[in-house]
Amino acid sequence: MSIFSEVPQAPPVAVFKLTADFREDSHPQKVNLGVGAYRTDECQPWVLPVVKKVERLIVEDSSLNHEYLPILGLPEFRSASSKVALGDDSPAIKENRVGAVQALGGTGALRIGGEFLRRWYNGTNNTATPIYVSAPTWENHNAVFADAGFKDIRPYHYWDGAKKGLDISGLLDDLEKAPEASVFVLHACAHNPTGTDPTQDEWKQIAEVMKRRNLFVFFDSAYQGFASGSLDKDAWAIRYFVSEGFELFVAQSFSKNFGLYNERVGNLTVVAKDNENLTRILSQMEKIVRTTWSNPPSQGARIVSKTLNCPELFAEWKGNVKTMADRVLLMRDQLKAKLQALGTPGTWDHITQQIGMFSFTGLNPKQVEYMIKEKHVYLMASGRINMCGLTSKNIDYVAQSIHDTVTSVQ
Amino acid sequence: MQSRRASRAGASKHADKITKPSVFVDTHAAASNQEAKSLFAFKTDDDVRKVYLAGREYLNEQGQPYVSPFIGKIKRRMSSDQTLGSAHPSSFGLAEFNHRATEAVLGKKSSAIVENRVLGVQTVGFTGAVRLGAELLRHWYNGDAAWQGPVYLSSHCDDSLAGVFQAAGMPDVRQYRYWDAGRRGVCMDGLLEDLETAPERSVVVLSASAHPTGAELSREHWALIARLMMRRQLFPFMLLPVAGLCHGELERDAWPVQYCQSLGMELLCAQSFSHCFGLYGEHVGHLLCVLRQSSVLLAVRSQTERLINALWAQPPVGGARIVATVLSNPAHRAEWQEGVWHMAARCMLVRERLREKLRLLGTPGCWDHLTQQTGPYCCTGLNVEQVEYLSKRKHVYVLPNGCLNVSAVNSCNLDYVTEALHEALSAEPLS
C-alpha cells in the first residue's frame with residue numbers, strides 16, 4: 001500500500017485547465033483570453049528586444065562568474081529593482097531603510113514575505129494574524145499565505161458587480177472593522193482580475209484608515225509599467241504610502257514587464273522604519289531563504305539588473321514596456337468601439353476605464369460557458385479576459401461573440 | 001492657511017516617527033550560521049597563504065569553480081536560437097529535463113518508470129528539492145494533514161538540512177549515528193541501532209552518495225538498511241547533492257536509489273545538477289518521487305503542483321534547458337561525460353596525494369579513509385580545537401565538524417595544507 005494512498009486529487013488550477021482545454025479545441029477561430037501573459041498582435045509571446053540584446057551581452061561577458069548568488073540575491077538587481085518601485089529620489093532609500101530579497105518571481109516574493117510575517121509580525125509565530133485579500137483576487141494569494149502558515153485568510157470588499165467598479169465604501173468599511181495589525185494585500189496597480197484600481201483620492205482614504213488602525217501594507221506589484229505605460233504613474237500608490245511613513249513590503253514581479261516568465265525574476269522590497277530594523281529583518285529573511293531555495297537563480301536577475309542599471313538599456317526597456325501597454329490600450333479602445341457599434345446591450349465603458357492586462361467583462365458564468373462552448377472563446381468563469389489575447393485578426397470575432405452571447409443568454 | 005496645514009501634516013508625520021515604533025521591533029537579529037562566519041573569517045584574513053576548504057562547489061586545479069567551455073558553447077548557441085521562446089509554463093519545469101533526470105537516477109529500464117509510478121519535478125536547486133519533498137511529506141504523509149515528523153538526519157550532515165524540514169513545518173528532527181570518528185568510517189552498529197529504535201513510519205534522510213564526511217555505505221550496508229527500513233516501515237528520503245562526482249557517472253552515484261526502488265520501496269530523492277554541469281548560478285535541482293502504485297500518481301502530482309504554486313510557481317528554465325539538451329544528445333552527452341569523469345578522477349587523485357603527504361609527514365591518525373572514499377567531501381577527524389587552530393594559526397579553513405572539500409586542494413596549496421593539518425593534529429590545544 002502506498003503511503004500516499006489517501007491523497008485526494010487536488011482541483012485543477014483553473015487558468016491552466018482553461019489553456020489545456022483551449023489547446024485541445026480544434027475550432028479554427030478559437031481564441032484564448034484566459035492566460036495572464038502578454039501576446040503580440042500575431043498572438044505570440046514577445047521576447048523584448050532589450051532582453052535579447054542583454055542576453056547576448058551576458059553570454060559574451062567572460063568576466064561573469066558562475067558561482068552561486070548570495071542568499072539574498074544579486075545586490076545590483078535588488079537595489080535597482082527597489083528603485084524602480086520607490087523612485088530614484090525616494091527619501092526612504094536616501095534614509096537607508098530600504099532593503100530587498102531577490103525571489104523566484106512575484107510568487108516567491110510573496111511567499112518569503114508571508115513566511116517572515118508569520119514568524120516575526122504581531123508576535124512570534126502568530127499564525128492567527130488575519131490576512132486580507134481582495135474579493136476577487138489572484139487565486140494564488142490564498143494558497144501562498146496559507147502555506148506560509150496563516151490560518152485566517154479573509155476577503156475584503158473590492159469589486160462591485162452592480163456598478164462594475166470599485167466598492168470603495170465596502171473596502172473602507174472592512175479596513176475600519178479589521179482587527180488591528182491585520183495584513184492587507186493590496187494590488188499596486190492593474191488589479192488582477194478586475195483591472196479596477198482605486199483613484200488617487202481613494203488611495204489616500206485607504207492609507208488614512210490603515211495608518212490609524214495600524215494595519216500592515218503588503219503590496220503586490222506584478223504589472224508596473226503595464227497599466228499606464230509609465231513606470232512612475234503605476235508606482236504612485238506605493239510611493240504615496242511610503243511618503244506617509246508606512247513600513248511595508250512590495251512583492252515585485254518582472255515576469256510581465258520584462259517578458260521573463262520562465263526565468264522567475266522577482267524582488268521583495270522591504271521599507272523599514274530605520275536601518276537598524278532593516279538589518280534585523282533582512283537577517284531573518286536570509287534564514288528563511290536558506291531553507292526554501294538557498295540561493296536564487298542568476299540568469300533573470302542579471303538580465304534585469306544590467307537593463308535597469310544602464311541608462312540606454314533602461315530607456316530602451318521603458319520603450320518596450322510602453323509598446324506592450326499601448327497595444328493593450330488599443331485593444332481596449334477597439335473592443336469597446338466595436339461593441340458599441342454592434343449595439344451590444346449594456347454599458348461597455350468599463351473596458352476602457354479598467355487598467356492593465358485584464359478586464360472584468362461583467363459576463364456571468366452562464367454567458368462565459370456559452371462563449372467557450374458555442375463560440376470557442378476561452379475566458380475565466382469570473383468573466384475575466386486577458387486583453388493581450390485580442391489581436392487585429394480576432395477582435396471582430398470576439399466582439400461579435402460577446403454580442404451574440406449577451407443577446408442570447410441571460 | 002496652506003502653510004499651517006502643511007506644518008500640521010509635517011508635525012503629525014514627525015510625531016509618527018517618534019511615537020510609533022517599528023512593527024518589527026521585536027524581530028531578533030538572526031545568528032549568522034557557521035558557514036557564513038567561516039567564510040567571513042576567510043575573506044577578512046589577509047594572510048597570503050590562506051586556503052578555503054569549506055565550500056560546497058567543486059573547484060578545478062586553478063581553484064576556480066568548474067566552468068565547462070563545452071557548456072559555454074551550448075549557452076551561446078541557445079541565446080541566439082530564435083525558436084526558444086517562452087515555452088508553455090509548467091509548475092513541474094521542463095518535461096525533457098525531468099525525463100532525463102529521472103532516468104539518470106533510476107536507470108532507463110526501471111520498473112517504476114515502465115509502470116508509470118514515478119513523479120519527477122524540476123526544482124529550484126537541491127534545497128528546493130528537499131523543501132518540496134518535505135512539504136509533500138508534511139501535508140500528505142500517511143494521509144495525515146499535519147504530520148510533523150520525526151525526521152532522522154545523519155550525524156555530520158549539512159547544517160541547513162534540519163532547517164529545511166523545520167521550515168516546512170516538521171519540528172521533530174532527530175539524528176542517527178553515521179560517522180565513526182575512531183574508525184573513520186560509517187558507524188554501522190550505531191546507525192542500525194538508531195533506526196531500529198526510531199518510531200515506525202519515521203522519515204530517514206540518507207545520502208545516496210557524497211555524504212559530507214565522504215563516508216559511503218557499501219552495498220552490503222544498503223541491503224541491511226533497506227531490510228530494516230522495510231520491516232519498520234521507515235520512509236527513505238535520498239540525497240544526491242553532487243550527482244555524478246563520486247563515481248563519475250550519474251547512474252552509478254544513484255545506485256542506492258535504484259536498489260531501494262528494486263526492492264519495491266517508496267522513496268523521495270533530491271538531486272542537484274549544479275556541480276556536474278558547473279551551473280551553480282542556475283540552480284538546477286530535481287525531486288523524484290517513487291510510488292508503490294501508479295493509481296496514486298495523479299493525485300500526488302496534483303497536490304505537488306499545488307505546493308509548488310505556493311512556493312515558486314515554476315522553476316527557472318535556463319539551466320534545465322542546458323541539462324536537457326546535453327543529456328538528450330549522444331554526442332553532447334559523451335563530451336559532457338568526459339568532463340564529469342575528469343572531476344571525479346581529480347577528486348580521487350587529490351585524495352591520493354593528501355594521503356601520501358600525510359603519511360610522509362608522519363601525521364598522527366589513520367588516513368586510509370581518504371582513498372577509500374570517493375567524491376569531493378571528506379572528514380578529517382579534526383576536533384573543534386584543532387579546526388580553530390587550523391584557521392587561526394594556519395589560515396586554513398575547514399567546516400567546524402572537521403569536514404572539507406578535497407577539490408579545493410591543488411598542486412599550489414597541497415604542501416601547505418598537509419603541513420597545516422599535520423601541525424594541527426600534533427600541536428598542543430589552544431589555551
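Residues numbered from 1 in each chain as written. Chains lettered and ligands numbered in written order. Predicted model: local features only at pLDDT ≥ 70, side-chain atom pairs only at ≥ 80, totals over all residues. Heavy atoms only, no water.

1. Focus on the overall build of chain B
Step number 1: For chain B, the helix and strand inventory stands at 18 helices and 13 strands.
Step number 2: Computed over C-alpha atoms, the radius of gyration of chain B comes to 24 Å, within 12% of the 22 Å expected from 2.2 N^0.38 for 431 residues, which places it in the range of a compact globule.
Step number 3: Viewed in the frame of its principal axes, chain B has a C-alpha envelope of about 90 × 60 × 55 Å.
Step number 4: Computed over 45 positive and 42 negative side-chain charges, the separation of the two mean positions in chain B equals 7 Å. (Helix = DSSP H or I, 4+ residues; strand = E, 2+ residues; numbered from the N terminus. Rg over C-alpha atoms; globule rule 2.2 N^0.38 Å. Lys, Arg positive; Asp, Glu negative; His and termini not counted. Charge placed at Lys NZ, Arg CZ, Asp CG, Glu CD.)

2. Here's the deal with the packing of aromatic side chains
Step number 1: Per the stated rule, a full pass over the model turns up 40 aromatic pairs over all chains.
Step number 2: Put simply, the rings of Phe116, Tyr121, Phe145, Phe150, Phe216, Phe218 and Phe249 of chain A together with Phe24 of chain B pair up and form one aromatic cluster.
Step number 3: Between the NZ or CZ atom of Arg384 of chain A and the centre of the ring of Phe358 of chain A, over which it lies, the distance is 3.8 Å.
Step number 4: When the ring centre of Trp255 of chain B is taken as reference, the NZ or CZ atom of Arg219 of chain B above it lies at 4.2 Å. (Phe/Tyr/Trp six-rings, centres within 6.5 Å; stacked < 30°, edge-to-face > 60°. Lys NZ or Arg CZ within 6 Å of the ring centre and 35° of its normal.)

3. Description of the confidence of the model for chain B
Step number 1: Taken residue by residue, chain B gives an average pLDDT of 90. The fraction at 70 or more is 92%.
Step number 2: Predicted as a complex, the structure gets a pTM of 0.93 and an ipTM equal to 0.92. (pLDDT = per-residue confidence, 0-100.)

4. Remarks on the pairing of strand β4 (residues 173-176) of chain B
Step number 1: Pairing of strand β3 (residues 151-154) of chain B with β4 of chain B involves four bridges; the strand directions are parallel. Note on β4 of chain B: the bridge partner recorded for Leu153 of chain B is Gln175 of chain B. (Pairing = 2+ DSSP bridges.)

5. So, the packing of helix α7 (residues 168-177) of chain A against helix α8 (residues 200-212) of chain A
All names here are of chain A.
Step number 1: Where α7 meets α8, the axes come as close as 9 Å, and the angle between the chain directions of the two elements is 10 degrees. Overall, the two elements α7 and α8 adopt an arrangement that is roughly parallel. In this structure, α7 uses Ile168, Leu171, Leu172, Leu175 and Glu176 to contact α8, whose residues at the interface are Glu202, Gln205, Ile206, Val209, Met210 and Arg212.
Step number 2: Each residue belonging to the contact of α7 with α8 can be placed in one class, and the counts come to seven nonpolar, one polar and three charged. (Axes fitted to C-alpha atoms, helices over the stretch in contact; angles between N-to-C directions. Parallel < 35°, antiparallel > 145°, perpendicular 65-115°, else oblique. Contact = heavy atoms within 4.5 Å. Nonpolar A, V, L, I, M, F, W, Y, C, P; charged D, E, K, R; others polar.)

6. Describing the environment of Ile238 of chain A
Step number 1: Relative to the helices and strands, Ile238 of chain A resides in helix α10 (residues 236-243).
Step number 2: In this structure, the C-alpha to C-alpha distance between Ile238 of chain A and Asp220 of chain A, residues 18 residues apart in sequence, is 9.8 Å.

7. With respect to the sheet that holds strand β8 (residues 235-240) of chain B
All names here are of chain B.
Step number 1: Pairing is mixed in the open sheet, where seven strands are placed in the order β2-β10-β9-β8-β7-β3-β4. Only two strands of the sheet have a single neighbouring strand rather than two, namely β2 (118-124) and β4. Pairwise comparison of adjacent strand axes, ignoring direction, gives a mean angle of 25 degrees for this sheet.
Step number 2: With six bridges joining them, strand β9 (residues 267-272) and strand β10 (residues 284-290) adopt antiparallel strand pairing. Along β10, the bridge assignment pairs Cys269 with Leu288.

8. Overview of the interface of chain B and chain A
Step number 1: Of the residues lining the interface, 79 residues belong to chain B; the matching set on chain A comes to 62 residues.
Step number 2: Taken together, the two surfaces of chain B and chain A that pack against each other cover about 6,400 Å², and 54% of this comes from carbon and sulfur.
Step number 3: Seen at the junction of chain B and chain A, the total is 29 residue pairs in polar contact (both at pLDDT 80 or more).
Step number 4: If you list the elements that add at least two residues to the side of chain B that touches chain A, you get α1 (2-19), α3 (69-79), α6 (125-140), α7 (161-167), α12 (274-277), α13 (297-309) and α14 (318-328) of chain B.
Step number 5: Class assignment of the residues belonging to the side of chain B that touches chain A gives a composition of 32 nonpolar, 27 polar and 20 charged. (Buried area = accessible area lost by both parts, 1.4 Å probe. Polar contact = N/O pair within 3.5 Å; in protein donor to acceptor, adjacent residues only side chain to side chain.)

9. What to know about the state of the cysteines
All names here are of chain B.
Step number 1: Evaluated as defined, the whole model comprises zero disulfides over all chains.
Step number 2: Among the cysteines around Cys379, which has no disulfide bond, Cys403 carries the closest sulfur, lying 3.8 Å off.
Step number 3: Using a relative accessible area of 1% as the deciding quantity, one classes Cys379 as buried. (Disulfide = S-S within 2.5 Å. Buried < 20%, exposed > 50% of the residue type's maximum accessible area, 1.4 Å probe, protein only.)

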